[in-house]
Amino acid sequence: MTTSGTADHGLRLIPFHGLRYVPERVGSLAAVTSPPYDVVVRPDGLDHLESADPHNIVRLILPQADTPDARNLQAARTLRDWLAEGILSADPEPALYVYEQRKGDLLQRGIIGALALSTADAGIVLPHEDVMPHVVTDRAGLMRATSANLEPLLLTYLGDDPAAGAAALVERTARSTPLFSTTTEDGFQHRLWAISDPAGLAAITADLGDRQALIADGHHRWATYLRLQEEHGSPTEWDFGLVLLVDTARYPLQVRAIHRMLRRLPLPTALAALEGHFRVRPVDGPLPMAMEALEEAAERGNAFLLTGDGTFHLVTDPDPALIERTVRRDRPEAWRRLDATVLHATLLDTLWGIPDTPEQIVYIHDTAATVDMAERNGGTAVLMHPVREAVVRDLARQGVTMPRKSTSFGPKPATGLVLRSLD
């Protein structure tokens, strides 16, 4: 089954009038970009981005006000003002965009476009993580108010012949002069090109038409796309959503873990609850050395690193009987053995009794920021080891979603380089 606007068998990526910053109207393109909304560490990172440039995109993706409605209205007003003032402008021709990220030896290229939406049962776009309803509601309110896709999701597909189809067109385009080149403060260089000629667009359409994609980053925004599509009916512009498609046969993504900071669980209490259920042993710091110990332990089975008071504790070897009792049995064994599965079913739900709510658990991509926040709040940082992409893709093809916030694929597209208006 597919939803309206979707190709029958595979991906359908269509050109759009990209909404982009006018370079002459901002301090620099780098200064108006942001990481994706859920990677921004709040409040410090948010304050830093807001002060980087008065037109930083964070004022649209994370508007600051007292209520959700006020935040959404503020974002909509800001977007209208920036369009009226010529801060943002729509490209005259609809296009697909080749997007490149480069840092040292790391190079990633992909295509940004408007992708026809489809539900998971269509088998075209594969989710691999559950979503939190309150986050979807939050993002839906923002998209509804602004009538825009403010940041592209990151999707991957597996190409075959690098000398043909979309892959060849991406490489050929990247040898031409880009629309812009900018380097953000994290050291990544970003370049963007537009593809608007009919032959190029047709080649991409033909190549992607029988492929499926994995959602690497942006499950909540994809769920938001589907919710708003249902609200608006069909056919409309809401049948499509802004994505970056990367061929991971050509450009393998990096997979990182997403860590947890438990706001109301002091480290001594967390460790005491594990006695008799897991092997717990102290490991030497500083943080990079402790993370090496976690990496080594993760090769042999479930492993977590707990900290929050300057000491580090490696948690391994769960009691098999406890796992049998706490982890659901109606899933593949690969899912039952995931660190995130054991963390949520056995540690959070059973031993610690902590509900998965924003008041209790903060999800953070950056390791040092997780530790710092735990130390400042008197909480516990639970540091994770990443899952391999092959495991993620295999489970997704089986229709099995992983526990929420199990993985962080990257590099993620910078937010603010190209937007999509739905008006």
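Reading guide: rules and limits
- Residues numbered from 1 in each chain as written.
- Predicted model: local features only at pLDDT ≥ 70, side-chain atom pairs only at ≥ 80, totals over all residues.
- Heavy atoms only, no water.
- Helix = DSSP H or I, 4+ residues; strand = E, 2+ residues; numbered from the N terminus.
- Rg over C-alpha atoms; globule rule 2.2 N^0.38 Å.
- Contact = heavy atoms within 4.5 Å.
- Lys, Arg positive; Asp, Glu negative; His and termini not counted.
- Charge placed at Lys NZ, Arg CZ, Asp CG, Glu CD.
- Core = buried A, V, L, I, M, F, W, Y, C linked by side-chain atoms within 4.5 Å.
- Buried < 20%, exposed > 50% of the residue type's maximum accessible area, 1.4 Å probe, protein only.
- 1 Å grid on protein atoms, 1.4 Å probe; cavity = no way out; pocket = protein on both sides within 12 Å on 5 of 7 lines; lining within 4 Å.
- Points joined across faces, edges and corners; volume = space filled by probe spheres on them.
- Nonpolar A, V, L, I, M, F, W, Y, C, P; charged D, E, K, R; others polar.
- Pairing = 2+ DSSP bridges.

*Asks:* Talk me through the overall build of the protein chain; I want residue IDs and the actual numbers.
*Replies:* Broken down by element type, the protein chain carries 14 helices and 21 strands. The globule rule puts the C-alpha radius of gyration for 423 residues at 22 Å, and the 22 Å found for the protein chain is close to it. Along the three orthogonal principal directions, the C-alpha set of the protein chain runs to about 65 × 45 × 45 Å. Considering only intrachain contacts with a sequence separation of at least 6, the fraction spanning at least 24 residues in the protein chain is 79%. Once the 41 positive and 56 negative side-chain charges of the protein chain are each reduced to a mean point, those two points are 1 Å apart.

*Asks:* Tell me about the nonpolar core, and name the residues and values.
*Replies:* Among the nonpolar cores identified, the biggest contains 114 residues, and F304, L306 and W352 are the most heavily contacted of them. A per-element tally of this core places helix α12 (residues 339-351) first, with seven residues. In this view, L306 contacts L267, A270, L271, L274, T311, F312, H313, V315, W352, T380, A381 and V382; residues no more than four positions away in its chain are not counted.

*Asks:* Give me the lowdown on the layout of surface pockets, citing residues and values where you can.
*Replies:* Left-over empty space is what a probe sized like a water molecule reveals as it rolls over the atoms. Approximately 1200 Å³ is the volume attributed to the largest pocket. Taken together, 41 residues line the largest pocket, and the ones lying closest to its centre are P35, V39, D186, F188 and D366. Residue assignment for the lining of the largest pocket shows that the elements contributing at least two residues are α1 (44-52), β4 (96-103), β13 (254-256), α9 (287-298) and β20 (408-410). In terms of residue count, α1 provides more of the lining of the largest pocket than any other element does, four residues in total. Of the residues assigned to the lining of the largest pocket, the class counts are 20 nonpolar, 14 polar and seven charged.

*Asks:* Let's hear about empty space enclosed by the protein: which residues, and what values?
*Replies:* Applying the stated criterion across every chain yields a total of five cavities of 30 Å³ or more. If you trace the largest cavity, you find 14 residues lining it, with D38, D217, G218, H219 and K405 closest to the centre. Mapped by element, the contributors of at least two residues to the lining of the largest cavity are β11 (213-217) and α7 (219-232). Per-element accounting of the lining of the largest cavity gives the leading share, three residues, to α7. Tallied by class, residues from the lining of the largest cavity come to three nonpolar, five polar and six charged.

*Asks:* Provide a residue-level description of the pairing of strand β14 (residues 259-262), including the pertinent values.
*Replies:* Residues in a regular strand point their side chains to alternate faces of the sheet. Taking every second residue as pointing to the same face, both faces of β14 are buried, with H259 and M261 on one and R260 and L262 on the other. With four bridges joining them, β14 and strand β18 (residues 361-364) adopt antiparallel strand pairing. Following the sheet pairing, H259 is matched in β18 by I364. In the sheet, β14 pairs with strand β19 (residues 380-383) via three bridges, with the strands oriented antiparallel. The partner of R260 across the bridge, within β19, is V382.

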